[in-house]
Amino acid sequence: MVRLVTYVGVAAEARSGRRVVLGSRDTPAGDIGSAMAASWAIEGWLPAVRIDGRACFDGGMPPPTSAGLVAPLDPEAVVIVAPTATSGGAPATGLSRLEPVARRWMTRTRDAEEHLSGAAGTRVVQIEPSAEDPAVMRFDFMDVARRTPWTSACAPTRPCQASHRQEHYGMSTHFEVIVIGAGISGVGAGVRLREAGVRDFLIIEAADDFGGTWRANTYPGCQCDVPSRLYSYSFAPNPDWTRVYAHQPEILAYVREVTDRHRLREHTRFGVRMTGAHWQPDAARWRIRTDAGAFTARFLIAGAGPWNEPLIPDIPGLSAFPGEVFHSARWNHDYDLRGKRIAVLGTGASAVQFVPAIAPQVDRLHLFQRTAQWVLPKPDHRIPKVERWAMRQVPGARAAVASVEYRAMEMLGRGFRKPSLLRGVQALARVHLRATVRDRELRRKLTPEHTIGCKRILFSNHYYPALTRPNVEVHACAVRTVDGSTVLGADGSSAEVDAVILGTGFHILDMPLSNLIHDGAGRTLADHWHGSPEAYLGTVTAGFPNVFLLLGPGLGTGHSSAFTILEAQLDLALGAIRSARAEGWASVEVRRDVQAAYNTDLQAALAGTVYNTGGCRSYYLDVNGRNSFSWPWSTDRLRTQVARFDARDFSVIHAAGQPLKRPAGSAGSTR
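Note on numbering: residues in each chain are counted from 1, in written sequence order. Owing to the predicted nature of the model, reporting of local features is limited to residues with pLDDT of at least 70; listing and counting of side-chain atom pairs is limited to 80 or more, with chain, interface and lining totals taken over all residues. The side-chain numbers reported here are obtained from all heavy atoms of the structure, hydrogens and water having been left aside.

Draft legend 1. Region of interest: the state of the cysteines. Note on terminology: pairs of cysteine sulfur atoms within 2.5 Å are recorded as disulfides. Within the structure shown, the criterion is met by one disulfide. A disulfide bridge connects Cys-454 with Cys-616, and the sulfur atoms are separated by 1.9 Å. With the S-S bond torsion at -100 degrees, the cross-link from Cys-454 to Cys-616 turns out left-handed. Of this pair, Cys-454 sits in the loop between α13 (440-446) and β18 (458-459) while Cys-616 sits in the loop between α18 (610-613) and α19 (635-641); the two residues are 162 residues apart in sequence, bridging distant segments of the chain. With respect to class, Cys-454 is no different from Cys-616; both count as buried. Secondary structure counts use DSSP, requiring at least four H or I residues in a row for a helix and at least two E residues in a row for a strand, with both numbered from the N terminus. Throughout this description, buried means an accessible area under 20% of the type-specific maximum (1.4 Å probe, protein chains only), exposed means over 50%, and partly exposed covers the range between.

What follows is the structure, encoded as structure tokens:
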């Protein structure tokens, strides 16, 4: 359990001298009142009060004293509530005129305290109060003689009134924006909301920390298959990547560093799982049900993403398997693979990475391959320190290298749109296979029958060599059934194993979130889609006002970075939110005719791509055989077209209730 020290701050109205009690989101109002009552009841300003096992301090302490009190507690985190001042009330008199000076001093000492705590290795979370915080201590700031009487007004049996900031971060259930998920999408949304001046937002996350897919996927060998410099936020470029293709721990550390730098923890509640979201037309807001209670929000940003829920195959007998069974996205690190007989089901992007990592440890590995995959060599290596230095110090160096990598990936993407251009790429994949697999029969099993790019292209320098090991056997078939400890293949082959590892992917197009988001009539996204997800610009859906789907349908490219797609969508979402705030719109909903025309063009453009014509069955195709995953044009076009919010494409309702079906003009891009 995280040891949390709550740092209680006190602010005052500069003109009236009235006091404001401020508390962290983790401290109930009564505890704040008790802490402050005890603090002010003791002579002097510096007592440490322990409540429910947590130490609470009065605000504005000199840094040496503060550091001396906090350090012995060995906290992992300190929540600091910054001092503020509000306006209004009668003019200050007496020593209260010194309030602005005292407040500036408190701010400087708070900054010093934050620096000292950070230097000691303690994570600091700072909550900014606002001018809406009400005054609850009705006496002169500098009048020491009136401290003790205040204790009777805020005794534990009669706790002080909570400030707005405490209510907002600790108990409030209504926000302007609620973001679902704290992976790369939710983090990006949080940062962009703060940049846009939207501070009244909440991120809810079912897990216990940020990271999303990079928190959940910890299997051996987990690594990005997009160059690291492209797999980054544009607002947080990282010159210190240690590999061309970063590994999971480094990516996760990067995402968490971004959250701390932009102070998203104060906006996030972990361990909260959404169980449903319903649009309320009369109130023009979303009601979000969670296992921690209900919330409401004006706007909803769905950032759970398609790589969220593992796909568990429905194989007869699998549930009765007596050994260990787990999905690669839920890797069981407590299970010792050494000396075990392992069956791996699936040969997608995850299996290509973890099979080489575990093959040397196990006694026997049986790989069940339903469809052979094209695998290209991976141009990966450690980035030398001198190169990382250049990325930091030489102006334009990082951007130049990223641009070269981006254009190289775009050349590959052009082949997806014109499959004849992929002949050279497929020839390279054949050479890679022949050079690493000398056994003709094994090479035959591993040679795909479809055109490269029809399925997601895989990159690995270690996958093929791992399959040539004497303890590895490739079964070129799907699994038909599991009988006790025996896995039976569709071709009649079998394997007696101790554990089954599922590398079977995720619910990409049938994402569970689509069953949780309801329109004003109670119908879900899944009800609207009938098995074929679609949205306008992959982000907004007719019938669902004020909601934005990040990494939604029709945006997958097969070659570019998810960050590029995400940031274009966030431009669109922030454009809509900014326009709604500026124009007084209660709701913003894409017009049905606009969405229909866009998706007709999208499907027409997909018809000639390798995704649709390459001769395979991939997760790009939904249950109706329609490609609901892919973007058929260039990434450059995606970045410009998706990012632009054009109000003429939307129907809006003014806050007073009047529909404005064709707003004049366009808000354009937000950046």
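Draft legend 2. Examining the sheet that holds strand β23 (residues 499-502) more closely. When DSSP locates at least two bridges between a pair of strands, those strands are taken to pair. With parallel pairing, five strands are arranged side by side in an open sheet as β14-β23-β15-β16-β19. Both edges of this open sheet fall to β14 (324-327) and β19 (472-475), since each of them pairs with a single strand only. Averaged over neighbouring strand pairs, the angle between their axes works out to 15 degrees when direction is ignored. As paired strands, β14 and β23 are joined by four bridges and run parallel to one another. Each residue of the ladder has a partner; that of Val-325, found in β23, is Val-500. Helix axes use the C-alpha atoms of the stretch in contact, all axes being lines fitted to C-alpha atoms, and the angles between their N-to-C directions lie in the range 0 to 180 degrees.

Draft legend 3. How the structure looks around the packing of aromatic side chains. Each aromatic pair joins two rings of Phe, Tyr and Trp (for Trp, the six-membered one) with centres within 6.5 Å, and gets the label stacked for planes under 30 degrees apart, edge-to-face for over 60, and tilted for any other angle. Summed over all chains, the structure comprises 22 aromatic pairs. An angle of 50 degrees between the planes, with centres 5.2 Å apart, marks the rings of Trp-241 and Tyr-254 as tilted. With Trp-241 in the loop between α7 (213-216) and α8 (248-261) and Tyr-254 in helix α8, this pair connects stretches of sequence that are 13 residues apart. For the residue pair Trp-241 and Tyr-254, the accessibility class agrees, reading buried in each case. Look at Trp-631 and Trp-633: their rings are 5.0 Å apart centre to centre, the planes differ by 80 degrees, and that puts the pair in the edge-to-face class. Members of the aromatic cluster, connected to one another through ring pairs, are Trp-214, Tyr-231, Tyr-233, Phe-235, Trp-241, Tyr-254 and Phe-563. The ring centre of Tyr-335 lies 5.3 Å from the NZ or CZ of Lys-340, which sits over that ring. For the cation-ring pair, Arg-637 lies above Trp-633, with the distance from its terminal atom to the ring centre recorded as 3.9 Å. Only when the NZ atom of a Lys or the CZ atom of an Arg is both within 6 Å of the ring centre and within 35 degrees of the ring normal do we say a charge sits over the ring.

Draft legend 4. Layout of the side chain of Thr-539. For Thr-539, the location among the structural elements is in the loop between α15 (525-529) and β25 (547-549). According to the relative accessible area criterion, Thr-539 is buried, its value standing at 0%. In this description, contact between two residues means that some pair of their heavy atoms is separated by no more than 4.5 Å. The contacts of Thr-539, once residues within four sequence positions are left out, are Val-547, Phe-548, Leu-549, Gln-569, Leu-572 and Val-642.

Draft legend 5. Highlighting helix α17 (residues 592-606). One less than the residue count of a helix, multiplied by 1.5 Å, gives the span that helix is expected to have. The end-to-end C-alpha distance of α17 is 21 Å, a good match for the 21 Å that 15 residues give at a rise of 1.5 Å each. On the buried face of α17, the contacting elements are β26 (585-590), α18 and α19.

Draft legend 6. A look at the pattern of salt bridges. For this document, the term salt bridge refers to a Lys or Arg side-chain nitrogen within 4 Å of an Asp or Glu carboxyl oxygen. This model, assessed by the stated rule, comprises 24 salt bridges. Two residues, Arg-364 and Glu-473, come together in a salt bridge whose shortest N-O distance is 3.5 Å. Of this pair, Arg-364 sits in strand β16 (residues 364-368) while Glu-473 sits in strand β19, placing them 109 residues apart in sequence. Here Arg-364 falls in the partly exposed class, since its relative accessible area comes to 26%. Between Asp-646 and Arg-644 there is a salt bridge, with its nearest N and O atoms 3.2 Å apart. Its relative accessible area of 8% is what places Asp-646 among the buried residues.

Draft legend 7. Looking closely at helix α11 (residues 397-417). Taking 1.5 Å per residue as the helical rise, α11 with its 21 residues ought to reach 30 Å, and the 31 Å between its terminal C-alpha atoms agrees with that figure. Within the span of α11, buried status applies to Ala-397, Ala-402, Glu-405, Tyr-406, Met-409, Glu-410, Leu-412, Gly-413, Gly-415 and Phe-416. On its buried face, α11 is in contact with α10 (385-393), α12 (423-436), β18, α18 and α19.

Draft legend 8. Here's a closer look at unusual backbone geometry. The phi torsion at Arg-263 lies on the positive side, around 55 degrees, for a residue other than glycine. If you trace the backbone, Arg-263 turns up in the loop between α8 and β10 (268-270). For Arg-263, a relative accessible area of 23% gives the class partly exposed. The backbone phi angle of Leu-537 is positive, close to 55 degrees, even though this residue is not glycine. With respect to the helices, strands and loops of the structure, Leu-537 is situated in the loop between α15 and β25.

Draft legend 9. Region of interest: the environment of Ser-532. Turning to its location among the elements, Ser-532 is positioned in the loop between α15 and β25. With relative accessibility at 9%, the residue Ser-532 sits in the buried group. A sequence separation of 23 residues divides Ser-532 from Leu-509, and the C-alpha atoms of the two residues are 7.8 Å apart. If we ignore the near neighbours within four places in the chain, the residues touching Ser-532 are Asp-622, Asn-624, Arg-626 and Ser-628.

Draft legend 10. Summary view of the environment of Asp-336. Inspection of the secondary structure puts Asp-336 in the loop between β14 and β15 (341-345). Residue Asp-336 is classed as partly exposed on the basis of its relative accessible area of 34%. Once the C-alpha coordinates of Asp-336 and Gln-361 are considered, the two residues, 25 residues apart in sequence, prove to be 9.4 Å apart. One polar contact links Asp-336 to Arg-338, side chain to side chain, over a distance of 2.8 Å. Pairs of N or O atoms are called polar contacts if they sit within 3.5 Å, as long as, within protein, a hydrogen donor faces a hydrogen acceptor (for residues adjacent in sequence, only side-chain-to-side-chain pairs).

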